[in-house]
Structure formats: C-alpha cells, structure tokens
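# What the coordinates show
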Amino acid sequence: MDPEIAEWLQRVLLTIGYQHRDRMYADVEAVLRLFQNFLVPKAETYTHDNGRSQLLLSLIGTVPIVYQSATYNIPVAFWLPTSYPSVAPIVFVTPTALMLVKAGKYVDISGRCYHPYLAYWSQRSDSNLVDLIGIMQGVFSQEPPVYAKSNAVTQQQQQQQSSPTLSGYPSPTTTLLRPAPPVSTYPPQPAASTSTTQQSGMHLQHQNRYPQSAGIGPQAQQLSPQQAQLYTKLQAALLEFNTASSREMDNLVTVNKQLNDAEFRTKAEIQSLRDLHTKIQYNIATLSRCIEQLTAKIEQIRSWPEEPVDEIICGSSVVHNQLFELVAEEIAIEDTIYYLGKALSQDKVELNAYMKHLRNLSREQFMKKALIKKVKAQLGHIE
C-alpha cells in the first residue's frame, strides 16, 4: 500500500477512535491490496437509523462480478463501525444517477445489503472484510443488485450496434478507481426510503454500465418466432432455477441457524456437565477426607485399653453394690407411691386399699432410707 495512504489511514483510525486499530488497519490494507483499482477509503459521516450521525471510515467504489460470462462493476459502500470487528460492517449498494436498485433476497429497496454472513458475524471468530466482499461478489453474480433506467437503455442501444450482451451493456472493466486518502466529504447516509431514487450522495463518479434486470437476451433486436420461443423457454428455465436456488438457500440458512442453535445448546450442556463434574469431585474429596478422619479416630479408639464391664456397671465392693441396690429400691418405692396416688384420684383403687399399701410402702421406704444412711456412713459419706 502507498505510504501516503498508510499514513492517512493510521491518522484517521486514531482520530475516529476505533477500538481495534491494528486489526482494522490489517483488514483495510488487505482489501485495498486485493481491490486497489476498485475501492477507495474515505472518512465520511454516516447517519444511523435513529438519526445519530457518526464519522466512520468507509470503503467506497465498485466490486467486479461475472454475470452471464460478462464482467460488471457493482457500486458499493462498506461502512466500518468503531467496534469493528466485534460488529459487522454496514454494506450498501450505491447506484449512479442512471441506475436503480433491484430489491432482492439480499438487498432491500434502499440498497442495504443483508446476508447470513453479516447476521452471524459476531458468532464467528474468523469474520473479516475480505471474505465478506468475496461473498457479496458471489451473491451479486447470481442476482445483480442494480439495473439501468429505461431512458439510459434506449440511449445506449442507439449508441451501440454490436452483438448483444446482458441488457446490451458491455463489461465496464476499463473504468478504474484510484484511492485518494485526502478526501473527507460528508454525503448524506443512504437511509432506507420508499422511493427508488438514485442516492446521489453515495455514488462514485464513474461511468460504469450495469446489467438491467428487466430481462435476459437481445432486447434491441427483432426476434424470429423460433428465437422468441427459445427465449421464452430460457426465461422459464432460468426462473425455475432461481426459484429452486432460492428455496435451497432458504433451507441452508435454516439448517445453519439450527446448527448454530444446537452448537450453543451443546456448549451450554457441556459447561453444565463440567460444573457438575467439579462439584462431584469436590464432594468426593470432602467425603474422602472425612473417611480418613473417621478411620484415624477408630484406630485411636481401638488402641485404648479395654475397660471391665462389670466394674463400670457394678460397684467396686460388696458394700457399694448393696448401696446401689438400696437406692434403686427406694426410688422404685417412691414411684409406686406416686402411681398409687394417681390411681386413687382416678377412682381406680379404693381408699382402704390405698391406705393399706401406702402404710406398707412407707414403712419399707423408711427402712431402705435408714439402711442407705447407715451404708453411706460406713463408706464415709455422712450427710
């Protein structure tokens, strides 16, 4: 690339404030190297759909296509947002004053271009401007986005009497565009409108001629009946082919969207499984650590000396065993007296029987308490 153009480009990228200047410079340089005779860089004002104006770098000019064995240059404008390559470029077809936009599958009436490559731009890490231009060339070769006005067709037919080509227009390969870095014009943004005007603020000043979409074949000559019949059959075959191609393209776009959605869901499921695997690994590590602690505690308990069960439950001597039994009997008598009182209050036992058993139990309880006191005194537990 010319040093003057390179210096101007670096200065423009810095002035506008592009976020990824190195990537931006590399992509623009690659485009200008491949299309140096067709596209020119400019710093111009772009007006968004919401009315906001912004100074952006654009590549304006033509891209060559081959349509029915003839070469044509399609006028285009590529607007590069400040967040490029995170955001896709904005592509417009910019017809000259003698041309009109042919709305189609990938181009609307305002000249705005649409394509799955642009729609899924941010989902692909390898999206770049060179591939985009190549894709648009292929799309335009199948369905030219511009056609000449009727008056221009008549004038051209009067000037040329050569063998017919597409709409009677030869290849405009003699027109070349040289980049001009100092240009800094600010034409109006080619916003969408309901009319089919020529968008004079966006077109380049060149004299290229473009295919007319009204029909295919020699329109300026009288056709014989056989030629007219053949021409009609060719038109029908081409229409059928275009219909089948459009249907197949729609199916491919649908399949591509489904595959992208499936890829997104698969990645989400894989991430979910990874998170679950991480949690399971953490739980396994925690359980292993607890098992190790329990095993160490069990080994520690097993290392303790065995305690005689009889000495733990029973007293250490005959006197202690006697005291244990006396206390248990005294508590049992106390419980018996309590439940006898409850039975009397519920009229389950007669008063005479209650008094008789109460006297016997009280007498026995008294003897037990006296004996407990005596044993304690003997053991040195005098209260």
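Notes on the structure follow. Since we're looking at a predicted model, the values are computed, not measured.

On inspection of all chains with the given rule, the structure shows 4 aromatic pairs. With 5.1 Å between their ring centres and 50 degrees between their planes, Tyr46 and Trp79 make a pair best called tilted. One end of the pair, Tyr46, is in strand 1 (residues 39-47); the other, Trp79, is in strand 3 (residues 70-80), with 33 residues separating them in the sequence. Ring geometry for Tyr338 against Tyr339: centres 5.1 Å apart, planes inclined by 75 degrees, an arrangement best described as edge-to-face. The same class applies to Tyr338 as to Tyr339, namely exposed. An aromatic cluster of three or more residues is present, and its members are Tyr84, Tyr117 and Trp121.

Our next topic: empty space enclosed by the protein. This model, assessed by the stated rule, comprises 1 cavity of 30 Å³ or more. What lines the largest cavity is simply Lys102, Ala103, Gly104, Lys105, Tyr106, Val107, Val139, Glu143, Pro144 and Pro145. Taken together, the residues of the lining of the largest cavity break down into 6 nonpolar, 1 polar and 3 charged.

Pairing in this open sheet of 4 strands is antiparallel, and the strands run 1-2-3-4 from one edge to the other. Each edge of the sheet is formed by a strand with only one pairing partner; in this case those strands are strand 1 and strand 4 (90-93). Neighbour to neighbour, the strand axes of the sheet diverge by 35 degrees on average, direction disregarded. Note that strand 1 and strand 2 (residues 53-67) share 9 bridges and pair antiparallel. Each residue of the ladder has a partner; that of Glu44, found in strand 2, is Leu56. Here helix 2 (residues 21-34) sits on the sheet in contact with strand 1, strand 2 and strand 3, set at roughly 30 degrees to strand 2. Contacting strand 1, strand 2, strand 3 and strand 4, helix 4 (residues 129-142) crosses the sheet at an angle of about 50 degrees to strand 2.

Right, let's talk about helix 4 for a bit. Over its 14 residues, helix 4 extends 20 Å from the first C-alpha to the last, a length consistent with the 20 Å expected when each residue adds 1.5 Å. All of the buried residues along helix 4 are Leu129, Leu132, Ile133, Met136, Gln137, Val139 and Phe140. Burial along helix 4 is one-sided: seen end-on, the buried residues are contained in an arc of 170 degrees. By the N-cap criterion, in which a side-chain oxygen at the helix start approaches the backbone nitrogen of a residue two or three places on, helix 4 is capped by Asn128, the distance to Val130 being 3.2 Å.

Turning our eyes to something else, we now look at unusual backbone geometry. Pro85 follows Tyr84 through a cis peptide bond whose omega is 10 degrees. Topologically, Pro85 is positioned in the loop between strand 3 and strand 4. If you check the backbone angles, Gln68 has positive phi at about 55 degrees while not being a glycine. Tracing the sequence through the fold places Gln68 in the loop between strand 2 and strand 3. Under the relative-accessibility criterion, Gln68 is labelled partly exposed at 43%. In this model, Asp347 sits at a positive phi of 60 degrees, which is unusual for a non-glycine residue. When you line up the elements, Asp347 lands in the loop between helix 8 (318-345) and helix 9 (351-379).

Attention shifts here to the pairing of strand 4. Burial of the side chains of strand 4 extends over both faces: Ile90 and Phe92 are buried on one face and Val91 and Val93 on the other. With 4 bridges connecting them, strand 3 and strand 4 associate as antiparallel partners. Counterpart to Val76 in the pairing with strand 4 is Val93.

Bringing the packing of helix 2 against helix 4 into the picture now. Viewed as axis vectors pointing N to C, helix 2 and helix 4 meet at an angle of 45 degrees, and their least axial separation amounts to 8 Å. Our classification of the angle between helix 2 and helix 4 gives oblique. Note on element contacts: helix 4 touches helix 2 through Leu129, Val130 and Ile133, opposite Asp27, Ala30, Val31 and Leu34.

Our next topic: a nonpolar patch on the surface. A surface patch of nonpolar side chains, about 360 Å² in accessible area, is lined by Leu273, Leu276, Ile280 and Ile284. Residue placement: Leu276 occurs in helix 6 (residues 225-302).

This part takes up the nonpolar core. The biggest cluster of nonpolar side chains holds 54 residues, and the ones touching the most others in it are Leu57, Phe78, Leu129, Leu132 and Phe140. No other element matches the 8 residues that strand 3 contributes to this core. Contact partners of Phe140, with chain neighbours within four places excluded, come to Val63, Ile65, Ile74, Val76, Val93, Val107, Cys113 and Pro145. One finds Ile333, Ile337, Leu340 and Leu361 within the second-largest nonpolar core, a separate group that totals 6 residues.

Rules used in this analysis
Residues numbered from 1 in each chain as written. Predicted model: local features only at pLDDT ≥ 70, side-chain atom pairs only at ≥ 80, totals over all residues. Heavy atoms only, no water. Phe/Tyr/Trp six-rings, centres within 6.5 Å; stacked < 30°, edge-to-face > 60°. Helix = DSSP H or I, 4+ residues; strand = E, 2+ residues; numbered from the N terminus. Buried < 20%, exposed > 50% of the residue type's maximum accessible area, 1.4 Å probe, protein only. 1 Å grid on protein atoms, 1.4 Å probe; cavity = no way out; pocket = protein on both sides within 12 Å on 5 of 7 lines; lining within 4 Å. Points joined across faces, edges and corners; volume = space filled by probe spheres on them. Nonpolar A, V, L, I, M, F, W, Y, C, P; charged D, E, K, R; others polar. Pairing = 2+ DSSP bridges. Axes fitted to C-alpha atoms, helices over the stretch in contact; angles between N-to-C directions. Contact = heavy atoms within 4.5 Å. Expected span 1.5 Å × (residues − 1). Arc of directions from axis to C-beta. Polar contact = N/O pair within 3.5 Å; in protein donor to acceptor, adjacent residues only side chain to side chain. Parallel < 35°, antiparallel > 145°, perpendicular 65-115°, else oblique. Patch = residues over 30% accessible without salt bridge, like charges linked within 9 Å, V, L, I, M, F, W, Y side chains within 5 Å. Areas by Shrake-Rupley, 256 points an atom, 1.4 Å probe, with all protein chains shown as cover. Salt bridge = Lys/Arg side-chain N within 4 Å of Asp/Glu carboxyl O. Core = buried A, V, L, I, M, F, W, Y, C linked by side-chain atoms within 4.5 Å.

Nothing here speaks to function; it is geometry throughout.
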